[in-house]
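# Topology and contacts: notes
Below are the chains, spelled out letter by letter.
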Amino acid sequence: QQSNVTSYGATTVAIITLEAFAGMWINAFILCVLCTGWVKKKSLNSNEKILLLLGCSRICFLCFTWVMNFLSRIYPNYLYVHPILQLLASFQIFFNYSNLWFSACLCVFYCIKIANFRSSFFIYLKVKIDRMVPWLLLGSVLSALAMGIVTYEFAETVQRNNISVTRLGNFWEATIRMDKYFFSSFFLTGFGYAASFMAVIIAAVFLLFSLWRHKHKMQTNSMKDLSKEAHIRAMKSILSFLVMYSINFVCLILTIIYTMINENTMTLLISIYLYAFPGVHSLILISSNPKLEKALLKILSCVKGK
């Protein structure tokens, strides 16, 4: 039985390691392409700024989450040395929320930049969006930083309560306190997910409506065809993120449920999906971005030629 548990843990680490490093390589490719263009042009447009920060946050998220998972399964004693657990958990949440909010900013940017509406407010946003992007990114970072600080305090409280339980033996009181902290932490986490999720849904609905209107007004004109292609590329990115975000939100609810009943198998399956999310969505972003897609095809053709 011990050998089965060891084999199960080794398989889990292998799967998660493969997903994590694949996601890091995919996002590193995005960073390399963007940084190369940055060096050549001496500037980045708003779309590239969001993608650059999104790639950085995903690499860091995968790195910290992999380290945390590796320690918890291979060297669990090192993980619970103060303040390793607190720092890893807070950095993981910070980069996870940065990833989610940067993705939401990208969806909103695509919607405002590509959708066509005659509303004066929407036209104002379309004109000002490039100036608003740095502030949106700053707001995303500050929001993620707040969640990271809350997570640090939560992990600190959990560890302190575990120590007090060991010393005092008052399990009933400690369980009540832990449930209270768990629910408050998950409530804040859920609120952050829901807020960014709503931004993605609104962007997707507006862009779909704009595409529908454009399709009905479309004529045999090259500019119209280009506009339709831009709509479709943006919709591919937004809808893919919307689907993954929906699954992510369901995973959050399931994590709350299975954490409470200590169901490790389902928690493992959920974590495997969460590791795959940054890499898979980044691949979709590459396929919906002409510059990134061209660079990837060029690399693949060189590899195929060799």
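Refer to the structure above for everything that follows.
This section reports on the structure supplied with the text. (Residues numbered from 1 in each chain as written. Predicted model: local features only at pLDDT ≥ 70, side-chain atom pairs only at ≥ 80, totals over all residues. Heavy atoms only, no water.)

## A closer look at the overall build of the protein
Secondary structure assignment for the protein yields nine helices and zero strands. The N-to-C order of helical and strand elements in the protein reads α-α-α-α-α-α-α-α-α. Taken over 306 residues, the protein has a buried fraction of 43%. Within the protein, contacts between residues separated by at least 24 positions form 79% of all contacts whose residues are at least 6 apart in sequence. Total accessible area on the protein is roughly 17,200 Å²; 71% of this is exposed by carbon and sulfur atoms. (Helix = DSSP H or I, 4+ residues; strand = E, 2+ residues; numbered from the N terminus. Buried < 20%, exposed > 50% of the residue type's maximum accessible area, 1.4 Å probe, protein only. Contact = heavy atoms within 4.5 Å. Areas by Shrake-Rupley, 256 points an atom, 1.4 Å probe, with all protein chains shown as cover.)

## Considering the side chain of Asn-47
Looking at where Asn-47 falls in the secondary structure, it is placed in helix 2 (residues 46-74). Every residue in contact with Asn-47, bar those within four places of it in the chain, is listed here: Leu-106, Phe-109, Tyr-110 and Asn-289.

## Side note on the nonpolar core
Soluble globular proteins tend to bury their nonpolar side chains together. Ranked by size, the top nonpolar core spans 62 residues in total, and within it Tyr-97, Leu-106, Val-200, Leu-207 and Tyr-245 carry the most contacts. Every element with two or more residues in this core is listed here: helix 1 (2-41), helix 2, helix 4 (84-114), helix 5 (120-168), helix 6 (171-217), helix 7 (222-260), helix 8 (264-288) and helix 9 (290-305). Ranked by residues supplied to this core, first place goes to helix 4 with 15 residues. Residues Met-68, Leu-71, Leu-79 and Ala-89 belong to the second largest nonpolar core, which totals six residues. (Core = buried A, V, L, I, M, F, W, Y, C linked by side-chain atoms within 4.5 Å.)

## Description of the packing of aromatic side chains
Under the defined criterion, the tally for this structure stands at seven aromatic pairs. Their ring planes at 25° and their centres at 5.2 Å tell us that Trp-66 and Phe-70 sit as a pair that is stacked. Of this pair, Trp-66 and Phe-70 both sit in helix 2, four residues apart, which is roughly one turn of that helix. A centroid spacing of 6.4 Å and a plane angle of 20° characterise the contact between Phe-91 and Phe-95, whose relative ring orientation is stacked. Highlighted residues: Phe-91 and Phe-95, both in helix 4, separated by four residues, approximately one helical turn. (Phe/Tyr/Trp six-rings, centres within 6.5 Å; stacked < 30°, edge-to-face > 60°.)

## Side note on the pattern of salt bridges
Summed over all chains, the structure comprises three salt bridges. Of the charged contacts in the structure, one is a salt bridge between Glu-48 and Lys-291, with a shortest N-O distance of 3.0 Å. On the criterion of sequence distance, the pair formed by Glu-48 in helix 2 and Lys-291 in helix 9 is long-range, its members being 243 residues apart. The partly exposed category is assigned to Lys-291, whose relative accessible area is 31%. Taking the shortest distance from any N to any O, the salt bridge between Asp-130 and Lys-113 comes out at 2.9 Å. Here Asp-130, found in helix 5, pairs with Lys-113, found in helix 4; they are 17 residues apart in sequence, far enough to count as distant. For Lys-113, a relative accessible area of 35% gives the class partly exposed. A single salt-bridge network, built from bridges that share partners, covers Lys-41, Glu-48 and Lys-291. (Salt bridge = Lys/Arg side-chain N within 4 Å of Asp/Glu carboxyl O.)

## Focus: the packing of helix 2 against helix 4
Contact geometry for helix 2 and helix 4: axes closest at 8 Å, N-to-C directions at 150°. The angle between helix 2 and helix 4 places the two elements in the roughly antiparallel class. In the packing of helix 2 onto helix 4, the handedness of the crossing is left-handed. Residues that form the contact of helix 2 with helix 4 fall into these classes: 20 nonpolar, nine polar and one charged. (Axes fitted to C-alpha atoms, helices over the stretch in contact; angles between N-to-C directions. Parallel < 35°, antiparallel > 145°, perpendicular 65-115°, else oblique. Left-handed = near helix turned anticlockwise from the far one by under 90°. Nonpolar A, V, L, I, M, F, W, Y, C, P; charged D, E, K, R; others polar.)

## Notes on the environment of Lys-113
Taking the C-alpha atoms as reference points, Lys-113 and Asp-130, 17 residues apart in sequence, are found 9.2 Å from one another. Every residue in contact with Lys-113, bar those within four places of it in the chain, is listed here: Lys-126, Ile-129 and Asp-130. Among the polar contacts made by the side chain of Lys-113, one reaches the side chain of Asp-130 at a distance of 2.9 Å. (Polar contact = N/O pair within 3.5 Å; in protein donor to acceptor, adjacent residues only side chain to side chain.)

## Comments concerning the side chain of Ser-196
The topology assignment puts Ser-196 in helix 6. Other than its neighbours up to four places away in sequence, Ser-196 contacts Leu-100, Trp-101, Ala-104 and Tyr-245.

## Digging into unusual backbone geometry
In this structure, Lys-42 is a non-glycine residue whose phi angle is positive, near 65°. Along the chain, Lys-42 turns up in the loop between helix 1 and helix 2.

## A look at helix 4
End to end, helix 4 covers 45 Å across 31 residues, agreeing with the expected 45 Å (1.5 Å per residue, within 8%). Most of helix 4 sits inside the fold, with 26 of its 31 residues counted as buried. (Expected span 1.5 Å × (residues − 1).)

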